[in-house]
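Spelled out, the chains give:
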Amino acid sequence: MEYTNKNFPPLKNDRLLKAACGIEVDKVPVWVMRQAGRYLPEFQAVRAQHDFFTVCRTPELACEVTLQPLRRYEHLDASIIFSDILVIPQALGMTVEMHPGVGPVFPEPLKDISEIDNLKEDGAVSRLTYVGDAITLTRHKIEGKVPLIGFTGAPFTLMGYMIEGGGSKTMSKTKDWLEKYPKDVHRLLSLLTRVIIDYLVMQVESGAQLLQVFESSADHLSREQFIEFSVPYLKDIRNGIKAKLEEKQLDQVPMTIFAKGGGHSLDIQAEMGYETIGLDWTVDPVEARKIVGNNITLQGNLDPQDLYKTPEEIKKLTIDMVQKFGKHRYIANLGHGITPQTPLESMTVFTESVHEVV
Ligand code: CP3
């Protein structure tokens, strides 16, 4: 059979998509951010043979590691395509390396606002077709078992990595830019927004069934800064996707915004047009529901560190969490990515416990 984006196997488990769109479900859907990753020995085995970005760029490898957690954990209700948010800066012409034990490193980060002009916006999405190819291949190989999530980094989070040259505890350089060069910062955020919209549309054309936007560095922003440097772009992305899918006569897909540390702005996030808001573990489920109202799905939010507790404790914490959120308009997840040393059994207990709640 030829693997095209037209002849996908039918979807057998649509809990995730139903919950995202506010339709009743038999069981609460569950998936885990970073579910394909270093806590899995089978992922480590692939990484021992191939560089991180080689895995991202090789559809067969990206597909294989996307499927790994599904083989091990029968209760997972979704898959997320294996890639990274930093493929966008790469497509804009920047070099990004993944250093074991360190994380992403940009040997030449943006040092001056004049360097914004060196970014290669033209053709950026055409340099990311390998992500689309990985999505199309995975939609076939997954045989309709669960839906496939596509994703991107949000403009502010991507800009932060491009300026800092990697992860940063303080984001001091980025904050300096916000302070000194707000006009140029907005120019860069707009550029990233344009690329992100076309990139996500390409992911949907390739077979992505839900899109998640990671604003992982929102925890560095005050409510005021979030309103100025994140919200307008997140809204443009949501509206841009809707308009372009309509223009191309493609089916609409639900979208999730995960702004880590954005608990101070849930009222604003609820007005951005996203079907689902992802929560980190600092947010109380009952308070969050009060703020966002009943027309939004919530996703989250067990502390990833809780997966280091005993199976009995994990089960209790998970069931408590699901009961607080309630069964309607809810997707169970962690409050951030699963960490590398997490015991394999903890994932079994977490995912199984979610489905036990009736
Ligand atoms: O969720 C999944 O299973 C899909 C794959 C995925 C990866 N990165 C693979 C990865 C996703 C959705 C991401 C998103 C991502 N990447 C984010 C947003 C989510 C978040 O955690 O806040 C961010 C900030 C990045 C940038 C990035 N990539 C960092 C900071 C690091 C190093 C630290 C870490 O958590 O691992 C990476 C590396 C990375 N991305 C790994 C994986 C499996 C591990 C690298 C390795 O294999 O050596």
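For every chain, the first residue of the written sequence is number 1, and numbering continues from 1 along that sequence. For this predicted model, a pLDDT threshold of at least 70 governs which residues receive local features, and a threshold of 80 or more governs which side-chain atom pairs are given and counted, while totals over whole chains, interfaces and linings are taken from all residues. Side-chain figures throughout are based on the complete set of non-hydrogen atoms in the structure, without hydrogens or water.

In the annotation of an unreviewed UniProt entry, the entry for the protein reads Uroporphyrinogen decarboxylase, and the organism field reads Bicyclus anynana. UniProt positions are given in the numbering used here, feature names are shortened, and annotations may be inferred rather than shown by experiment. In UniProt, the protein has this text filed under Catalytic activity (unreviewed entry): "uroporphyrinogen III + 4 H(+) = coproporphyrinogen III + 4 CO2". In the Sequence similarities (unreviewed entry) part of its UniProt record, the protein is described as follows: "Belongs to the uroporphyrinogen decarboxylase family."

Engineer: I'm lost on helix α15 (residues 344–356) in this one. Help?
Structural biologist: An α-helix turns once every 3.6 residues. As a result, residues three or four positions apart point the same way. Comment: elements are numbered from the N terminus, with helices defined as DSSP H or I runs of at least four residues and strands as E runs of at least two. Here, expected helix span is obtained from the residue count minus one, scaled by 1.5 Å. Taking 1.5 Å of rise per residue, 13 residues should cover 18 Å, and α15 covers 19 Å from first to last C-alpha, within 8% of that figure. Buried within α15 we find Ser-346, Met-347, Val-349, Phe-350, Thr-351, Ser-353, Val-354 and His-355. Type-normalised accessible area, obtained with a 1.4 Å probe on protein chains alone, sets the label of each residue: buried when under 20%, exposed when over 50%, and partly exposed for intermediate values.

Engineer: For this particular structure, what's the right way to read the pattern of salt bridges?
Structural biologist: Side chains carrying opposite charge are able to pair once their charged atoms draw close together. Each reported salt bridge corresponds to a side-chain nitrogen of Lys or Arg within 4 Å of a carboxyl oxygen of Asp or Glu. Throughout the structure, instances matching the rule amount to 19 salt bridges. Put simply, Arg-15 and Asp-26 hold a salt bridge, and the shortest N to O gap is 2.8 Å. On the criterion of sequence distance, the pair formed by Arg-15 in helix α1 (residues 15–20) and Asp-26 in the loop between α1 and α2 (41–49) is long-range, its members being 11 residues apart. When its relative accessible area of 15% is taken as the criterion, Arg-15 is described as buried. Across the pair Lys-315 and Glu-356 runs a salt bridge whose closest N-O atoms are separated by 3.2 Å. Note that Lys-315 is positioned in helix α14 (residues 311–325) and Glu-356 in helix α15, a separation of 41 residues in sequence. In this structure Lys-315 comes out as partly exposed when scored by relative accessible area, which is 35%. Overlapping salt bridges bring together Arg-15, Asp-26 and Asp-77 as one network.

Engineer: What's the story with the sheet that holds strand β1 (residues 79–80) in this structure? I'm lost.
Structural biologist: Whenever strands of a sheet pair, they do so through backbone hydrogen bonds, lying parallel or antiparallel. The seven strands are arranged β1-β4-β5-β6-β7-β8-β9 in an open sheet whose pairing can be described as parallel. Looking at the sheet topology across the chains shown, the edges are occupied by β1 and β9 (330–334). In terms of strand pairing, strand β7 (residues 276–278) meets strand β8 (residues 297–302) through three bridges, oriented parallel. The partner of Gly-278 across the bridge, within β8, is Gln-299. Contacts between residues were defined by any pair of non-hydrogen atoms, one from each residue, lying within 4.5 Å. Simply put, an axis is a line fit to the C-alpha atoms, just over the touching stretch for a helix, and the angle between two N-to-C directions goes from 0 to 180 degrees. The strands touched by helix α13 (residues 285–292) are β7 and β8; relative to β8, the strand with the most contacts, the crossing angle is about 160°. The rule for pairing is simple: two strands pair if DSSP sees at least two bridges between them.

Engineer: Please explain the side chain of Asp-84 as it appears in this structure.
Structural biologist: By the element assignment, Asp-84 lies in the loop between β1 and α5 (87–91). Positive: Lys, Arg. Negative: Asp, Glu. His and the chain ends are not part of the count. For the buried residue Asp-84, which engages in no salt bridge, the nearest side chain bearing the opposite charge is Arg-34, 5.0 Å off. We call two N or O atoms a polar contact when they sit within 3.5 Å, provided that within protein one can donate a hydrogen and the other can accept it, with sequence-adjacent residues counted only if both atoms are side-chain atoms. Of note is the side chain of Asp-84, whose polar atom sits 3.0 Å from the backbone nitrogen of Leu-86. With near-sequence residues (within four places) excluded, Asp-84 lies in contact with Phe-52, Phe-53, Cys-56, Met-98 and Phe-151.

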